[in-house]
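Close look at the chain arrangement
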Amino acid sequence: MHLPMGAGTTRQDERLAMANKWFETVAEAQRRAKKRLPKSVYGALVAGSERGLTLEDNITAYSELGFAPHVAGLAPNRDLATRVMGQEISFPVLISPTGVQAVHPGGEVAMAAAAAARGTAMGLSSFASMPVEDVVAANPQTFFQIYWIGTRDQIAERVERARAAGAVGLIATLDWSFSHGRDWGSPTIPETVDLRAMARFAPEALAHPRWLWSFARTGKWPDLTTPNMVAKGQPGPTFFGAYGEWMGTPPPSWDDVAWLREQWGGAFMLKGVSRVDDAKRAVDAGVSAISVSNHGGNNLDGTPATIRALSAVAAAVGDQIDVLLDGGIRRGGDAVKALALGAKAVMIGRASLWGLAANGQAGVENVLDILRSGIESALLGLGHSSVSQLSRDDLIIPEGFSRHLG
């Protein structure tokens, strides 16, 4: 039984709705995640930076775009399949790489399995809490994501491990400026989950018994190490240990980007692009895809929403490489707007994490189903039989909406 939330609902209604593990929107998944997770864990997922301008704009910018639907002669069937970085996927939504998915015992493996069950690809962060080998086993369409951390030799070792594990693509994420302050305060996350940390966070954990029990019954506590930063089988550094090494590594040059692409030798995405000139340099460096992304609003606050920057980037290089968008996707209509502005597909981060926190693998599948259904609905209304037919003509775009950077 499903009860929609809204005016007139009672606490009894809310309890019944929560008892039904299926949810109808990403917003409901977020509400359930917030209720289930300890405050500091939920705060780490929300994250953001400084005033949160980019974090908010990433989401709200979509509401400025409207649709221009048709009323008759609509296509009876709709094809959502597309091809990204050489991989055939059933619909144009991929899982974006996000670090340490310890919001649920299943972590990245559950996330990858959900993506595989819905016929799409998985981005695995090098800051993940589970080994790349296990994730690829759950989803052969896994793209391994890497940061520029350490020496070239160390980076090459991580690349070779991902290749040996069977990853089908490499994602290089370079948009990070180490901004740490948040006006609403940053969550307190322990270096490791040891007895001291457990005692300190016990009040938070005990206030969320379902989350605590989900880990307790596995016999394992949330893992805050990064096993993919080292050779297979070696103990990985803590998240903050790896982050500290990242802070101490000089940022890469465009020659470094070309070197990394050559080291991989296959499908290669540069993630974090928002400027046209950077997109062109990426093409010159030999990348096969870019993601228009601002790290989910966690990076340089005041950067425009990715949907605002997308059109100019796609117009400049979309005929040469795959252009994806990452940031603010909360419904299928958002994805359709991105595709109409030139994206080949979109990537989701927080939305999938809300699903994972709310109901594990099934929760992520639920989120993907919501997005797929929304894409189908929008295609129907716009009169298209394929996502490849979407264009700017399907949208109402207000003057001054887009941002041409670089």
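A brief structural summary. Counting restarts for each chain: residues are numbered from 1 in the order of the written sequence. At least 70 in pLDDT is required for a residue's local features to be given in this predicted model, at least 80 for side-chain atom pairs to be given and counted, and no such filter applies to totals for whole chains, interfaces and linings, which use all residues. Hydrogens are left out, water is left out, and the side-chain values use all remaining heavy atoms of the structure.

Here we look at the overall build of the protein chain
Secondary structure elements are defined from DSSP: runs of H or I of at least 4 residues count as helices, runs of E of at least 2 residues count as strands, and each element is numbered from the N terminus. Along its length, the protein chain carries 15 helices and 12 strands. Looking at the protein chain as a whole, 53% of its 406 residues qualify as buried. Note that accessible areas follow from Shrake-Rupley with a 1.4 Å probe, and for residues the cover is restricted to the protein chains shown. Carbon together with sulfur atoms contributes 53% to the accessible area of the protein chain, which is approximately 17400 Å² in total. Each residue gets one of three labels from its accessible area relative to the maximum for its type: buried under 20%, exposed over 50%, partly exposed in between, using a 1.4 Å probe on protein chains only.

Here we look at the pattern of salt bridges
Side chains that carry opposite charge are capable of pairing whenever their charged atoms lie near each other. Each salt bridge in this description consists of a side-chain nitrogen of Lys or Arg and a carboxyl oxygen of Asp or Glu lying within 4 Å of one another. Counted according to the given criterion, the structure contains 14 salt bridges. For Glu64, the salt bridge identified is with Arg308, shortest N-O distance 2.6 Å. With a gap of 244 residues between them, Glu64 in the loop between helix H4 (53-60) and strand E1 (66-67) and Arg308 in helix H13 (residues 306-317) connect regions that are remote in the sequence. A salt bridge links Glu88 to Arg83; the shortest N-O distance between them is 2.7 Å. Overall, Glu88 belongs to the partly exposed group, its relative accessible area being 49%. Judged by its relative accessible area of 41%, Arg83 is partly exposed.

Observations regarding the environment of Thr238
Relative to the elements of secondary structure, Thr238 occurs in the loop between helix H9 (209-216) and helix H10 (239-247). When the C-alpha positions of Thr238 and Leu224 are compared, they lie 5.8 Å apart, and in sequence the two are 14 residues distant.

Regarding helix H3 (residues 39-46)
Every buried residue of H3 is listed here: Ser40, Val41, Tyr42 and Leu45. Phi turns positive, to about 50°, at Ala47, one or two residues after H3.

Quick word on the nonpolar core
Generally speaking, nonpolar side chains in soluble globular proteins are found buried as a group. Residues Leu260, Ile290, Ile307, Leu310, Leu325 and Ile348 are the most contacted members of the largest nonpolar core, which totals 94 residues. The leading source of residues in this core is helix H15 (residues 350-382), at 15 residues. Any two residues whose heavy atoms approach within 4.5 Å at even a single point are treated as in contact. Beyond its immediate stretch of four places on either side in the chain, Ile348 contacts Val93, Leu94, Ile95, Ser96, Ile329, Val367, Leu368 and Leu371. What we call a nonpolar core is a set of buried Ala, Val, Leu, Ile, Met, Phe, Trp, Tyr and Cys residues that are connected through their side-chain atoms within 4.5 Å. Membership of the second largest hydrophobic core comes to 13 residues, among which are Phe143, Ile171, Met269 and Leu324.

Observations concerning the side chain of Asp256
Its place among the elements puts Asp256 in helix H11 (residues 254-264). You can call Asp256 buried: its relative accessible area is 13%. Of note is the side chain of Asp256, whose polar atom sits 2.9 Å from the backbone nitrogen of Ser253. Filtering out sequence-adjacent residues up to four positions away, Asp256 remains in contact with Trp148 and Arg152. Polar contacts, as counted here, are pairs of nitrogen or oxygen atoms within 3.5 Å of one another; within protein the pair requires one atom able to donate a hydrogen and one able to accept it, and residues that are adjacent in sequence qualify only if both atoms are side-chain atoms.

Details of the pairing of strand E6 (residues 142-146)
Among the five residues that make up E6, five are buried, leaving the element largely enclosed by the rest of the structure. Across the two faces of E6 the burial is the same, with Thr142, Phe144 and Ile146 and Phe143 and Gln145 all buried. When DSSP finds two or more bridges between a pair of strands, those strands are recorded as paired. Where strand E5 (residues 122-124) lies against E6, three bridges are found, and the strand directions are parallel. Residue pairing in the sheet places Met122 in a bridge with Thr142 of E6. Judged from the four bridges that link them, E6 and strand E7 (residues 169-173) form a sheet pairing that is parallel. Each bridged residue has a counterpart across the sheet, and for Ile146 the counterpart in E7 is Ala172.

Quick notes on the packing of aromatic side chains
Under the pairing criterion, centres of Phe, Tyr and Trp rings, with the six-membered ring standing for Trp, must be within 6.5 Å; the plane angle then separates stacked pairs below 30 degrees from edge-to-face pairs above 60, leaving the rest tilted. Tallied over the entire structure, the rule returns 10 aromatic pairs. Ring geometry for Tyr147 and Trp246: centres 4.2 Å apart, planes at 35°, overall tilted. Residue Tyr147 is located in the loop between E6 and helix H7 (152-165), and its partner Trp246 is located in helix H10; the two are separated by 99 residues in the primary sequence. Taken individually, Tyr147 and Trp246 each receive the classification buried, so the pair is uniform in this respect.

Focus on the layout of surface pockets
Note on definitions: the grid is 1 Å and covers protein atoms alone; a cavity is a set of points where a 1.4 Å probe fits but cannot get out; a pocket is an open set with protein on both sides within 12 Å along at least five of seven lines; lining residues have an atom within 4 Å of a point. Grid points are joined across faces, edges and corners, and a volume is the space filled by probe spheres set on the points. In this model, the second largest pocket occupies a volume close to 410 Å³. As for the second largest pocket, its lining consists of 20 residues, and the residues nearest its centre are Leu174, Asp175, Trp176, Pro251 and Pro252. Listing elements by their share of the lining of the second largest pocket, those giving two or more residues are H11 and strand E8 (268-273). By residue number, the principal contributor to the lining of the second largest pocket is E8, which donates four residues. Looking at the lining of the second largest pocket residue by residue, the class counts come to 11 nonpolar, five polar and four charged. Ten residues, namely Ala, Val, Leu, Ile, Met, Phe, Trp, Tyr, Cys and Pro, are considered nonpolar, four, namely Asp, Glu, Lys and Arg, are considered charged, and the remaining ones, Gly among them, are considered polar.

Everything listed is a geometric property; what it means functionally is a separate question.
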